[in-house]
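Descriptive analysis of the structure
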Amino acid sequence: MTAPFETEKARAAAWFRTLRDDIVAAFEGLEDNYADGPLTDMAPGRFEVTETTRTSDDGSDAGGGLMSVMRGGRVFEKVGVNISTVYGTLGERAQKAMAARGVPGMADDPRFWAAGISLVAHMQNPHAPAVHMNTRMFWTPGAWWFGGGSDLNPCIEYDEDTAHFHATQKEHLDPHGAEIYPKLKEWADEYFYIPHRKRARGVGGIFMDDRNTGDWEADFALTQDIGRAFLPAYVPLVEKRKSQVWTEADKDAQLIHRGLYAEYNLVYDRGTKFGLETGHDANAVLMSLPPLAKWV
C-alpha cells in the first residue's frame, strides 16, 4: 500500500497548507477591519509563525510543521492555526491503541504517516464564540483514514449563531449524502461531551474519525468540504459580535467556560494525547489551551 499512497499523502498535506493559509489571511483581515468597539485602540493582531520539528528516538527526521499563533489581538485574544506532517514508527502504547481501534498489522509494521490542520480561537469579546477545527489524514501500511470536524464554544449562547454555524456545515456536507451531516453532528455531540461535568463543551458542530469507505477520493473530498465550511460558518459570527459591549460578569463567564475547555482538552481529547505520545512539539500540541481561565 505504500507506493501508491505517496501522491495521496502529498495532496492531503498540500490541502491542509492551503486551508491554513486561507484561515490565517481571513483572521488577520478581521483584525485589520475592526474599527468600532472595545479595544479598537490596539494594534491589529498578527500571527507569529514558527517551524516545528520532530525527531525519532535515533535522532533521524520525523517530520514537523508550522505553528501560527496570534496573541493579544483586538479581536482574537489567542488563536493558533497549526499544520503538521509527521512520520516514523509508533511506540508500543500507540501501537496498542491503533490495534484496539482495528488497525491491522501494527505489531508487524508499526510505521505511520499523519498530516493535518488544527485550529483553536479564544476571543477578546465574551460575546464572540470560541471555536475549534481540525482535519487530518492518517496512514499506516495496513490502513488509512480521515478525521476531524469543527465545533462552536460560546460562553454566552445565541440561538441564531448556533443555527448559522450548523446550517452552513449542513450546506457543505449535504452534497456528500443526506445522511452525512446528521451522523457527524451526532458524533460531535458525543465526542465533545465532558463526562465529569455532565455537560457538552459547547453547542456542537460536526466530527468524524476513522473515515475510510474504501474510496479515498470521496473521503478526501468530504474532508475538504469540512474545511471549506469553516470560514463561512464562523467568520460572520465574529463580525456580528466583535463590537458588542461586554461587562465584567460577561468576562467572568468567559473565563469559567474556558476552564471547561481546558479540562476537556487535557483529559479527553484524542489529538492532544496522540501529539504528546508521539513526541511532537509540546507547545504546538498544547496551543489549544486558553491564555487565561478560571475555576470556581
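Residues numbered from 1 in each chain as written. Predicted model: local features only at pLDDT ≥ 70, side-chain atom pairs only at ≥ 80, totals over all residues. Heavy atoms only, no water.

1. With respect to the environment of W295
Tracing the sequence through the fold places W295 in the segment after α8 (282-285). Along the backbone, W295 and D61 are 234 residues apart, and their C-alpha atoms lie at a distance of 40 Å. When near neighbours in sequence (up to four residues on either side) are disregarded, W295 contacts R197, G259, A262 and E263. There is a polar contact of 2.7 Å between the side chain of W295 and the side chain of E263. (Helix = DSSP H or I, 4+ residues; strand = E, 2+ residues; numbered from the N terminus. Contact = heavy atoms within 4.5 Å. Polar contact = N/O pair within 3.5 Å; in protein donor to acceptor, adjacent residues only side chain to side chain.)

2. A word on the environment of C155
Note on placement: C155 falls in the loop between β6 (143-153) and α3 (159-173). Residue classification places C155 among the partly exposed positions, given a relative accessible area of 22%. Put simply, C155 and Y87 are 68 residues apart on the chain and 37 Å apart in space, counted from C-alpha to C-alpha. What C155 contacts, discounting residues up to four positions off in sequence, is P126, A253, Q254 and H257. (Buried < 20%, exposed > 50% of the residue type's maximum accessible area, 1.4 Å probe, protein only.)

3. Details of the pattern of salt bridges
In total, this model carries 21 salt bridges according to the counting rule given. Its salt-bridge partner being R71, residue E48 comes within 4.0 Å of it at the nearest N-O pair. In this pair, E48 sits in strand β1 (residues 48-55) while R71 sits in strand β2 (residues 61-71), placing the two residues 23 residues apart along the sequence. The two residues E48 and R71 agree in class, both being exposed. (Salt bridge = Lys/Arg side-chain N within 4 Å of Asp/Glu carboxyl O.)

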